[in-house]
Amino acid sequence: MKYSVATHITILSLLFTFISFLPVCGQEALIFNNIKPSNADSQLLLNGRIWYNLYSRAFGHQFIATTEFLTGDVTLEGKQYKDLNLKYDILNDELLLSVPYKPVLIMNREMVDSFSLNYNNRIYRIVNMDADSGSAIRGYVNVLYNGPTALYVKYMKEIQPLAVDGKYDRIIEKHKIFIKKDTAIVRISGRADLMKQLQDKKREIREFIRKNNYQVGRIDPYTFIPVLEFYDSVKRK
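In what follows, the accompanying structure is described. (Residues numbered from 1 in each chain as written. Predicted model: local features only at pLDDT ≥ 70, side-chain atom pairs only at ≥ 80, totals over all residues. Heavy atoms only, no water.)

Observations concerning the overall build of the protein chain
Piece 1. A count of helices and strands for the protein chain gives 7 helices and 11 strands.
Piece 2. The 237 residues of the protein chain split such that 43% are buried.
Piece 3. The long-range fraction of contacts in the protein chain, counting pairs at least 24 apart against all pairs at least 6 apart in sequence, stands at 54%. (Helix = DSSP H or I, 4+ residues; strand = E, 2+ residues; numbered from the N terminus. Buried < 20%, exposed > 50% of the residue type's maximum accessible area, 1.4 Å probe, protein only. Contact = heavy atoms within 4.5 Å.)

Below you can see the structure in the form of structure tokens.
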């Protein structure tokens, strides 16, 4: 029988309708009725919805980097919580929290200011852009560089229905790159777009790239970082 994530979602949605549409605070009472948080900070951290894996039979996964929980920090309404077990679902743009002996939670994005994840000697620094109504980016975005200019990457995944043998869905990854110059945030598609945004120092940047033999391209957004660092250093002179 052909399998589709959409079918799976429909079935689970019917099973968990009651839980899914409870208010967040009501869900907290339902999920954590066996514990009594010691303070308001704990209550804030545990405010969320139960997570269910809707993509267990799909090829690929919905998370950034790995299916494992990663050590990271979260800032909720200005309060920082350190050394948590987190996953970032980039298909649904949701942050998951694992607490011992309790269900995995989808954290309330309206309360999340930012979070970080540690993986393979790389730190993902994610900020929530929903509060910035003038931003070209919505939801969580990875901050690769934050100087006078800034570099953002929006990691995403999408589903290709029944792409594997006509039976199973495939999950693929993609990303969008943005730079912030002055107050404007602009999406760029690659090196050429980057140079257009930095054209006031175009000659110096080209010489810098040539001299250091840098390979700059959208496949690896981290390759843009040295260019922006150099641009900011030249602008300061």
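From this point on, the discussion continues.
Overview of the pairing of strand S7 (residues 122–128)
Piece 1. For strand S6 (residues 112–119) and S7, the ladder comprises 6 bridges, and the chain directions are antiparallel. In the sheet register, Ser116 faces S7, and the bridge partner there is Arg125.
Piece 2. Between S6 and S7, which pair antiparallel in sequence order, lie 2 residues; one of them, Asn120, sits at a positive phi of approximately 50 degrees. (Pairing = 2+ DSSP bridges.)

Focus: the sheet that holds strand S9 (residues 150–164)
Piece 1. Strand order across the open sheet formed by 11 strands is S1-S5-S4-S3-S2-S6-S7-S8-S9-S10-S11, with antiparallel pairing between neighbours. Of all strands in the sheet, those bounded by a partner on one side alone are strand S1 (48–50) and strand S11 (184–188). The sheet shows a mean angle of 40 degrees between the axes of neighbouring strands, direction not considered.
Piece 2. When strand S10 (residues 168–181) meets S11, the two strands line up antiparallel, connected through 5 bridges. Residue pairing across strands places Phe178 opposite Arg187, the latter belonging to S11. (Axes fitted to C-alpha atoms, helices over the stretch in contact; angles between N-to-C directions.)

Remarks on the side chain of Ser116
Piece 1. Among the structural elements, Ser116 can be located in strand S6.
Piece 2. When residues no more than four places from it in sequence are discounted, the contact partners of Ser116 are Thr71, Gly72, Asp73, Leu86, Ile123 and Tyr124.

Some remarks on the packing of aromatic side chains
Piece 1. The full count for this structure, using the stated rule, is 8 aromatic pairs.
Piece 2. Centre to centre, the rings of Tyr88 and Phe115 are 5.4 Å apart; their planes meet at 80 degrees, and the pair counts as edge-to-face. Residue Tyr88 is found in strand S3 (residues 79–89), and its partner Phe115 is found in strand S6; the two are separated by 27 residues along the sequence.
Piece 3. Classification of Tyr88 as buried rests on a relative accessible area of 3%.
Piece 4. Look at Phe115 and you get buried, because its relative accessible area is 3%.
Piece 5. Look at Phe208 and Phe230: their rings are 4.2 Å apart centre to centre, the planes differ by 5 degrees, and that puts the pair in the stacked class. Of this pair, Phe208 sits in helix H6 (residues 202–212) while Phe230 sits in helix H7 (residues 225–236); the two residues are 22 residues apart in sequence, bridging distant segments of the chain.
Piece 6. When the ring centre of Phe63 is taken as reference, the NZ or CZ atom of Lys87 above it lies at 4.5 Å. (Phe/Tyr/Trp six-rings, centres within 6.5 Å; stacked < 30°, edge-to-face > 60°. Lys NZ or Arg CZ within 6 Å of the ring centre and 35° of its normal.)

Focus on the pattern of salt bridges
Piece 1. Counting across every chain of the model gives 9 salt bridges.
Piece 2. Residues Asp130 and Arg109 are paired through a salt bridge, measuring 2.9 Å at the closest nitrogen-oxygen approach. One end of the pair, Asp130, is in the loop between S7 and strand S8 (140–146); the other, Arg109, is in the loop between strand S5 (105–107) and S6, and 21 residues separate them in sequence.
Piece 3. By relative accessible area, Asp130 is classed as partly exposed at 28%.
Piece 4. For Arg109, a relative accessible area of 29% corresponds to the partly exposed category.
Piece 5. The salt bridge partner of Glu158 is Lys174, with a shortest N-O separation of 2.8 Å. Remark: Lys174 occurs in strand S10 and Glu158 occurs in strand S9; sequence separation between them is 16 residues. (Salt bridge = Lys/Arg side-chain N within 4 Å of Asp/Glu carboxyl O.)

Any link to function would need more than the numbers given here.
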